[in-house]
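# Close look at the chain arrangement
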Amino acid sequence: MPDPNSVDLAPEELRRYAHEVADWIADFLGDVESYPVLPALEPGELSESLEPSGPVAGNSMDEILADFREVIVPGCTQWNHPGFHAYFANTGSGPGILAEALTAALNVNGMVWRTGPAVTEVELRACDWLRQWLGLPDRFIGHIEDTASVSTLAALAGARHRATKGRVRDEGLGALPTLRVYCSKEAHSSVQRAVILLGMGLSNCRTIEVDDEFRMRPEALQGAIDEDRAAGVLPVAVVATVGTTSTTSVDPTAAVADICEREDIWLHVDAAYGGPLAIVPEFRWILEGVDRADSLVVNPHKWLFVPMDCSVLLCRHMNTLREALSLVPPYLMTPEDDVARNLMDYGPALGRRFRGLKLWFVLRWYGLERLQMLLRKHVELAATFASWVDEAPGWERVAPTPMSVVLFRHLPEGIDDEAELRQINEQILHRVNAQGSSFSSHTEVKRGGRTIYALRMAVGNARTELRHLESFWRALREASVLR
Ligand SMILES: Cc1ncc(COP(=O)(O)O)c(C=O)c1O
């Protein structure tokens, strides 16, 4: 039990436990493959190992760390495992982990410049490095939100403000015409959630048809806007996606930008997962037309080796964002307000963690060339896996593989019924995930009027090698013959 008179860990205690924790982290990451990727737990099971009420007298660090090792770690899905192929695989890298520890030590809240000059200036500088590596013009200013969901929410708040000439801020939505946001049928649900949160109503997020490769059809977008304008609806924003969640398709942003410019509609680009790939010269094309967007979100916590959470919102209209979102009571006014950026003005939250530190650490430690090398490798690994699927009888690739995610399924000869195929593939997924050496997820895609259940293999962890994909592929094929 801790000394009841101590107000915090004494420096020597902190040093000892910090060393112990550092050793644990190094051992954990060095040996992460020995952990099952997916814990074999039922909902509520872990809670039984946690005290139902908090300790009145406090616990010792030894007890807390023992429970961390014995209860918490086995209860975690291991996102830092190289066999993690679900959703968008990612990496909490060493440089990012060190920065997180230092961030907590500093405990700065960078709501305004003076409450953390370094928070503001490192954040702006690191985001600008990223902007340059993405090949975007310097009219884009980047800042960090926690997630892409919040970055998109802020961007659409700016768009709504501009479309309503600021009226929504004072008057609310009541006196305004119906407002509408457009995105493809493959866009992430965070767009719809932002539309709900901004009070525009889910039915006013109009989803646009996609082509055979799951890309937004610009002519369908134009048709929808024409129809809406004729009905008195006010278009607020179009969201194009670079790397959609299901299939990683890339919307034709340049053609969408043509429409948005002509129609004077805010163009927001969701490149949360796919955006980082544009730092690799041969993939720069994925951001074609994005220089003409009004805003863009890229998540370094997805495919740029920064630990959760770090989402960069790059915007060309910082003044509009500020007009839409800022509210400064007297107690938050500072003498520097006219000369410094107060980052609380550009998103929904007042308090701001020092997220820029981990982005700065990661970009500095890896450097552009190593990041390019890793992203290229991930795309190559996915292409190799895709080629195995293509060549294997009884297996089918379900969508193109433009980035590092492969959609595929088992398609045994003679079976054509989608419900049966779903069941077969669900079983395979369940069996392979239960083995513990890999974890992958599923999605649904529409093809030729059918809804296809697809398995989804994502590469995004810095430690993933060919051998991990080989053993995953072996496990899939073994699971498929067990039927
Ligand atoms: C394309 C895309 N956009 C946005 C998001 C939401 O990301 P976040 O979890 O950072 O809100 C995701 C999540 O996977 C995504 O795939």
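Above: the structure in question.
These figures come from a predicted structure and were not determined experimentally. (Residues numbered from 1 in each chain as written. Predicted model: local features only at pLDDT ≥ 70, side-chain atom pairs only at ≥ 80, totals over all residues. Heavy atoms only, no water.)

A few words on the environment of Trp360. In this fold, Trp360 is placed in helix α12 (residues 355-391). Assessed through its relative accessible area of 24%, Trp360 is described here as partly exposed. Remark: the alpha-carbon pair of Trp360 and Arg447, spanning 87 residues in sequence, is separated by 42 Å. Discounting chain neighbours no more than four positions away, the residues touching Trp360 are Val122, Ala126 and Trp129. (Helix = DSSP H or I, 4+ residues; strand = E, 2+ residues; numbered from the N terminus. Buried < 20%, exposed > 50% of the residue type's maximum accessible area, 1.4 Å probe, protein only. Contact = heavy atoms within 4.5 Å.)

What follows is about the sheet that holds strand β2 (residues 179-184). Strand order in this open sheet of seven strands is β1-β7-β6-β5-β4-β2-β3, and the pairing throughout is mixed. Looking at which strands have only one partner, the edges of the open sheet turn out to be β1 (141-145) and β3 (205-208). This sheet shows a mean twist of 20° between the axes of neighbouring strands, independent of strand direction. One ladder, built from three bridges, connects strand β5 (residues 266-270) with strand β6 (residues 295-298); its direction is parallel. Residue pairing across strands places Asp270 opposite Val297, the latter belonging to β6. Along the sheet, helix α5 (residues 148-163) makes contact with β1, β2, β4 (234-241), β5, β6 and β7 (311-315), crossing β4 at roughly 150°. With respect to the sheet, helix α9 (residues 253-263) is in contact with β4 and β5, its orientation differing from that of β5 by roughly 160°. (Pairing = 2+ DSSP bridges. Axes fitted to C-alpha atoms, helices over the stretch in contact; angles between N-to-C directions.)

Counting 70 residues, the largest nonpolar core has Leu134, Leu221, Val238, Leu267, Leu277 and Leu359 as its most contacted members. Of all the elements, α12 adds the most residues to this core, at eight residues. In this structure, Leu277 is in contact with Phe283, Ile286, Trp303, Leu375, Val379 and Met403, ignoring residues within four places of it in sequence. (Core = buried A, V, L, I, M, F, W, Y, C linked by side-chain atoms within 4.5 Å.)

In this section: the packing of helix α8 (residues 218-230) against α9. Running from amino to carboxyl end, α8 crosses α9 at an angle of 20°, the nearest separation of the two axes being 9 Å. Between α8 and α9, the angle falls in the class roughly parallel. Classified by chirality, the crossing of α9 by α8 is right-handed. For the pair formed by α8 and α9, the contact residues are Pro218, Leu221, Gln222, Ile225, Asp226 and Arg229 on the first element and Ala255, Val256, Ile259, Arg262 and Glu263 on the second. Across the contact of α8 with α9, the residue classes tally to six nonpolar, one polar and four charged. (Parallel < 35°, antiparallel > 145°, perpendicular 65-115°, else oblique. Left-handed = near helix turned anticlockwise from the far one by under 90°. Nonpolar A, V, L, I, M, F, W, Y, C, P; charged D, E, K, R; others polar.)

Here we take up the site of the ligand. Near the ligand you find 13 residues, and of these Ala148, Ser149, Thr245, Asp270 and Asn299 are the closest. Ala148 is positioned such that a nitrogen or oxygen atom in its backbone is 2.8 Å from an oxygen atom of the ligand. Relative to its unbound accessible area of 390 Å², the ligand is 86% covered by the protein chains. Elements with a minimum of two residues in the shell around the ligand: α5 and α10 (300-303). Within the shell around the ligand, the residues separate by chemical class into three nonpolar, eight polar and two charged. (Near = heavy atom within 4 Å. Polar contact = N/O pair within 3.5 Å; in protein donor to acceptor, adjacent residues only side chain to side chain. Areas by Shrake-Rupley, 256 points an atom, 1.4 Å probe, with all protein chains shown as cover.)

A cluster of nonpolar residues, Leu50, Phe68 and Ile72, forms a patch on the protein surface that exposes about 220 Å² of accessible area. Positionally, Leu50 belongs in the loop between α1 (11-30) and α2 (61-72). Overall, Leu50 belongs to the partly exposed group, its relative accessible area being 41%. (Patch = residues over 30% accessible without salt bridge, like charges linked within 9 Å, V, L, I, M, F, W, Y side chains within 5 Å. Salt bridge = Lys/Arg side-chain N within 4 Å of Asp/Glu carboxyl O.)

Attention shifts here to the pairing of strand β9 (residues 405-410). Looking down a regular strand, the side chains alternate between one sheet face and the other. Burial analysis of β9 places six of its six residues in the buried class, the great majority of the element. Here β9 shows two buried faces, one formed by Val405, Leu407 and Arg409 and the other by Val406, Phe408 and His410. Two strands pair when backbone bridges link them, and strand β8 (residues 395-397) and β9 are joined in this way by three bridges, in the antiparallel orientation. Each bridged residue has a counterpart across the sheet, and for Glu396 the counterpart in β9 is Arg409. Inspection of the sheet shows β9 paired to strand β11 (residues 450-458) by four bridges, in the antiparallel sense. Paired with Val405 across the two strands is Ala458, which belongs to β11.

The next point concerns the packing of helix α13 (residues 418-435) against helix α14 (residues 466-481). Direction vectors running N to C along α13 and α14 enclose 130°, while the axes themselves pass 9 Å from each other. Here α13 lies oblique to α14, going by the angle between them. Crossing angle aside, the handedness with which α13 passes α14 is right-handed. Taking contact as the criterion, the partners of Ile428, Arg431, Val432 and Gln435 in α13 are, on α14, Phe472, Ala475, Leu476, Ala479 and Ser480.

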